[in-house]
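Chains, contacts and geometry: an overview
Next come the chains, spelled out residue by residue.
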Amino acid sequence: MRIIFAGGGTGGHLYPGLAIARALKKADSRVEPFFIGARRGIERDVLPQVGWAFELLDLHPLYRSRPWENWKTIRGAMGAWRRIAGEVRSEPPACVVGTGGYASGLTLGYAVSHHIPIVLQEQNTAPGMTTRFFSRFAAQVHLGFPEARRHISPSKHTEVFDSGNPIEPPPGDAFEKAPARAKWGFAPSGGSVLLVYGGSQGSKAMNDVVAAWIDEGLPPELFVIWATGKANYDELARYDSARVKVRAYISPMSDAYRAADFALSRAGAMATAELCAWGIPVIVVPLPTAAADHQTANAKALAAAGAAEMIRQSDLNTESLSRAVESMLSNPAKLSTMRAKALERARPTAAADIAQHILRLVEREQTRR
């Protein structure tokens, strides 16, 4: 039973598809995931390591600021359409799951035009162009944030679910801090641990402020786990110490989540979904250049729910960061409330729930044929 996953370009669009595919395979061994992505996206590096069949196509986004380059988009789309058609004819899929980004639109378009059921998974509060357009044709739409519902136009036949974002759920011992802190070389009890995470590539804007803040002197009894991103690591490695652990990249992230009491993070959909699932209050600094400013929308939603505090990047400096951290450290009741609110937003079983809905859809479609 082949199910095609279309999405990528960035990890935020690829990893949800991988999580759903794993959940589907676990729920029904007959499922054979097949991924379609872009040659220029992160999937180029990730999919060869996963072990499932895939096809990388010459797909491009719309070049809004450089419209003269859209000839690449048109040329790539024409060739990609033929390749998609060939894959579908060779083994017709039960459905197509689109996880957003420019890498998904063409495959979803082919599926709609050939009456193949489509399922959408939207990660953000502000849905992207692909989700907004295809929601009217979808059999199912799964939302990472319930606030996204007002931005889509589903048909009367479309099932819309507030599923949450599909992540690897925390293990049963996720909240046992002492062993995790010891693993990082911190005292097993006492003080607080701050996780600084600017996304898989790191954030220079955040890193510069964090470095200057550390230079001014850390608050007493505060320990820091700092993921700088590979491009920034060599410059910042000198900050590694008994109280500050500097890493280019943290894998698995669960090692950091286990130890952290609160976090300073970008407002990407998947990162915030993981933080909520682990019950980690967060100071969010949304990336201002994210498409349609969706990270700001994510951050506002979490702040309104009481699970986060937001600092705009333009307002991020040592003073604002120091105030935000101090407000967490000096008010345990506030931190506890934020932790509870984060867990209320969490959907740790999202991948398994989405998989069950997809399997029910496939079963209905097979019964009708």
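To keep things clear, this report deals only with the structure shown in the data block.

Phi at H115 takes a positive value of approximately 60°, unusual for a residue other than glycine. Topologically, H115 is positioned in the loop between α4 (102-113) and β5 (118-122). Residue H115 is classed as exposed on the basis of its relative accessible area, which comes to 73%. Of note in this structure, E221 is not a glycine but carries a positive phi near 65°. With respect to the helices and strands, the residue E221 is situated in the loop between α7 (204-215) and β9 (222-227).

Per the stated rule, a full pass over the model turns up 18 salt bridges. For D45, the salt bridge is made with R44, and the minimal N-O distance between the two is 3.9 Å. A relative accessible area of 46% places R44 in the partly exposed class. E319 serves as the salt-bridge partner of R323, at 3.2 Å between the closest nitrogen and oxygen. With R323 and E319 both in helix α12 (residues 318-329), this residue pair falls four residues apart, about one helical turn. Of the residues examined, E319 reaches a relative accessible area of 54% and is grouped as exposed. The structure contains a network of salt bridges with shared partners spanning R2, E87 and E91.

On to the environment of A211, then. Of note, A211 is situated in helix α7. Take A211: its relative accessible area is 8%, and that puts it in the buried class. Considered as a pair, A211 and F223 are twelve residues apart in the sequence and their alpha carbons are 14 Å apart. Ignoring sequence-local partners within four residues, the contact set of A211 consists of W226, L236 and Y239.

Attention now moves to the packing of aromatic side chains. For the structure shown, the criterion picks out nine aromatic pairs. Ring geometry for F35 versus W52: centroids 6.0 Å apart, planes at 5°, classification stacked. Here F35 is found in strand β2 (residues 32-38), whereas its partner W52 is found in the loop between α2 (43-46) and β3 (53-57), with 17 residues between them in sequence. Residues F35 and W52 agree in their burial class; the two are buried. Relative to W278, the ring of Y257 lies with its centre 5.7 Å away and its plane at 40°, an arrangement referred to as tilted. Placement of the pair is Y257 in helix α9 (residues 254-259) and W278 in the loop between α10 (269-277) and β12 (282-284), with a sequence separation of 21 residues.

A separate point is the sheet that holds strand β13 (residues 308-310). Strand order in the open sheet formed by six strands is β10-β9-β8-β11-β12-β13, with parallel pairing between adjacent strands. Unpaired on one side and paired on the other, β10 (244-247) and β13 mark the two borders of the sheet. Each neighbouring strand pair of the sheet contributes to a mean axis angle of 15°, computed without reference to strand direction. With six bridges connecting them, strand β8 (residues 192-197) and β9 associate as parallel partners. Across the sheet, V193 pairs through a bridge with F223, a residue of β9. On the sheet, α10 packs against β8, β11 (262-265) and β12 and is oriented at approximately 175° with respect to β11.

Procedures and definitions
Residues numbered from 1 in each chain as written. Predicted model: local features only at pLDDT ≥ 70, side-chain atom pairs only at ≥ 80, totals over all residues. Heavy atoms only, no water. Helix = DSSP H or I, 4+ residues; strand = E, 2+ residues; numbered from the N terminus. Buried < 20%, exposed > 50% of the residue type's maximum accessible area, 1.4 Å probe, protein only. Salt bridge = Lys/Arg side-chain N within 4 Å of Asp/Glu carboxyl O. Contact = heavy atoms within 4.5 Å. Phe/Tyr/Trp six-rings, centres within 6.5 Å; stacked < 30°, edge-to-face > 60°. Pairing = 2+ DSSP bridges. Axes fitted to C-alpha atoms, helices over the stretch in contact; angles between N-to-C directions.

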